[in-house]
Amino acid sequence: MTLSPARVPATGVRRLTRTLYGYAFLDDFVLLYPVYALLFADTGMSLWQISSLFALWSITGVVLEVPSGAWADAVSRRRLLWIGPLLTAAGFALWVAVPSYGAFAVGFVLWGAGGALGSGALEALVYDELDRLGAADRYARTMGRARAARLLGTVASIGLAGPVFAQGGYAAVGAASFLACVLTAVTATRFPEHRLRADDAAGDTWATTLRTGLAEIRGDRSVRGALLLVPAVAAVWGALDEYTPLLVRDIGVAEATVPYLIMLIWAGVTLGSLLAGPAERLGTGGLAMLLAGAALALAAGAVSRSLAGIALVSLAFAGFQLAEVLADVRLQHRIDESRRATLTSVANLGTELATVATFGVYALLGTDLPHGTVFAVLALPYLMTALALARARAATARP
């Protein structure tokens, strides 16, 4: 039977999205997540050593973020998407097989490298494949659902980590995490990839791709604005997420209740991901209103020190997650296919650096102020971003 032209793209979209959702779920289905800090401590690592491991992980991601994006544009994006999880799997195997500071350090370098290989490459591959199928308008909805699948993977791994650890200890959760990474790599091989790569077309190296990508940022104001919007939206709330347990505990609930309220907050984040498709119609003015509303909800909820306030924080995080997806969509619409992974990685690098800066600001403010007040203060950058977007819209509308 011959498929109609309309059915062929629909079949292609289904294959792409199913692969993406499975990849996203498995990529965050890591049972080591809630217990790896315990593994380090039980191996005899000091707090300073553990902190240095986290720093090494972050530094690896920062150093490799942009070069890996340029490499993805110069070679196969799908190839990087299956190599990355295998590097992470090797790191987890080292942790469990020879637990020591050196093994943990190498494991974090491998994990950071694996994450960097997928950052930028995934968004670029998905957007270009949807565009090839005439479905680029589905990108926001597709990536929103992919982020929801990641959240489900994280929640499922946290839920299973306890009983698996109780049965088999670190070896069991390590083996399960290794297997999840291998399955992620296998799933990545199912991604379609039809673009003409730079190395097939003109012999460009990753360095050439990187130079042309940076030139596009300098030369195109709309690309530059869309790129800067990504860290402006993603960084602060991404950093605040790490402090939500402290915020929740400050309202006076029992320690055992804290995880349930954290789940409430992440339910809001999941909702924000799922609303990305319909919300793409918001435009610049709508995005400004979304950020302003989320900022006000964050500030009001954080200072209220109540259960209702935590619900407002959940609502704010939903808005920020939605805005983060929409910011990525704006960037993808403005950049050229041949440099898509490169420029997406540049935006992700900006997010990582801004997140680190937010950690520093939080530590500085949190020395003398309660957590709720610090959360409220850090809502201000979102109001400033909303104001900048409103001004940009007004300038565009002006004759």
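Shown above is the structure to which this text applies.
Bear in mind the structure is a predicted one, so any value in this text is a computation, not a measurement.

The next point concerns the overall build of the protein. Secondary structure summary: the protein contains 18 helices and zero strands in total. The buried share of the protein, reckoned over its 399 residues, is 48%. Contacts spanning at least 24 positions in sequence make up 83% of the contacts within the protein whose residues lie at least 6 apart.

Before going further, it helps to examine the environment of threonine 385. In this structure, threonine 385 sits in helix α18 (residues 380–397). Discounting chain neighbours no more than four positions away, the residues touching threonine 385 are Leu229, Ala232 and Leu291.

Attention shifts here to the nonpolar core. Counting 83 residues, the largest nonpolar core has Phe191, Leu298, Phe317 and Phe320 as the members making the most contacts within it. Not counting residues up to four positions away in its chain, the partners in contact with phenylalanine 317 are Trp237, Leu240, Asp241, Thr244, Ile265, Val269 and Leu298. Of all hydrophobic cores here, the second largest spans 23 residues; its members include Ala89, Trp95, Ala105 and Trp111.

Here the focus is the pattern of salt bridges. Counted under the stated rule, the structure contains five salt bridges. Between glutamate 324 and arginine 147 there is a salt bridge whose closest N-O contact spans 2.9 Å. With a gap of 177 residues between them, glutamate 324 in helix α15 (residues 307–334) and arginine 147 in helix α7 (residues 139–188) connect regions that are remote in the sequence.

Their axes nearest at 8 Å, the elements helix α4 (residues 77–97) and α7 cross at an angle of 170°. The orientation of α4 with respect to α7, classified from their angle, is roughly antiparallel. Residues Arg78, Leu81, Trp82, Pro85, Leu86, Thr88, Ala89, Phe92, Ala93 and Val96 of α4 pack against Tyr170, Ala171, Gly174, Ser177, Phe178, Cys181, Val182, Thr184, Ala185 and Ala188 of α7. Among the residues forming the contact of α4 with α7, the class breakdown is 15 nonpolar, four polar and one charged.

A word on the environment of leucine 26. Within the fold, leucine 26 resides in helix α1 (residues 7–27). Its relative accessible area of 18% is what places leucine 26 among the buried residues. Residue contacts for leucine 26: discarding those within four places in its chain leaves Ala180, Leu183, Thr184 and Thr187.

Applying the stated rule across the entire model yields 27 aromatic pairs. Judged by centre distance (6.2 Å) and plane angle (85°), the rings of tryptophan 95 and phenylalanine 104 are edge-to-face. Taking relative accessible area as the criterion, tryptophan 95 reaches 0% and is therefore assigned buried. The rings of Tyr33, Tyr36, Phe40, Trp57, Phe92, Trp95, Phe104, Phe108 and Trp111 are connected pair by pair, giving a single aromatic cluster.

What follows is about unusual backbone geometry. Phi at arginine 305 takes a positive value of approximately 50°, unusual for a residue other than glycine. Of note, arginine 305 is situated in the loop between α14 (283–304) and α15.

This part is about helix α6 (residues 121–132). Spanning 12 residues, α6 covers 16 Å between terminal C-alpha atoms, matching the ideal 16 Å at 1.5 Å per step. Where burial is concerned, most of α6 is hidden: 10 out of the 12 residues are buried.

Here we come to the packing of α4 against α6. At their nearest, the axes of α4 and α6 sit 9 Å apart, and the two run at 140° to each other. Taken together, α4 and α6 sit at an angle that is classed as oblique. Classified by chirality, the crossing of α6 by α4 is left-handed. Contacts between α4 and α6 pair Arg77, Arg78 and Leu81 from the former with Ala121, Leu122, Ala124, Leu125 and Asp128 from the latter. Per-class residue counts for the contact of α4 with α6 are five nonpolar, no polar and three charged.

Rules of the game
Residues numbered from 1 in each chain as written. Predicted model: local features only at pLDDT ≥ 70, side-chain atom pairs only at ≥ 80, totals over all residues. Heavy atoms only, no water. Helix = DSSP H or I, 4+ residues; strand = E, 2+ residues; numbered from the N terminus. Buried < 20%, exposed > 50% of the residue type's maximum accessible area, 1.4 Å probe, protein only. Contact = heavy atoms within 4.5 Å. Core = buried A, V, L, I, M, F, W, Y, C linked by side-chain atoms within 4.5 Å. Salt bridge = Lys/Arg side-chain N within 4 Å of Asp/Glu carboxyl O. Axes fitted to C-alpha atoms, helices over the stretch in contact; angles between N-to-C directions. Parallel < 35°, antiparallel > 145°, perpendicular 65-115°, else oblique. Nonpolar A, V, L, I, M, F, W, Y, C, P; charged D, E, K, R; others polar. Phe/Tyr/Trp six-rings, centres within 6.5 Å; stacked < 30°, edge-to-face > 60°. Expected span 1.5 Å × (residues − 1). Left-handed = near helix turned anticlockwise from the far one by under 90°.

Taken by themselves, the reported measurements are silent on function.
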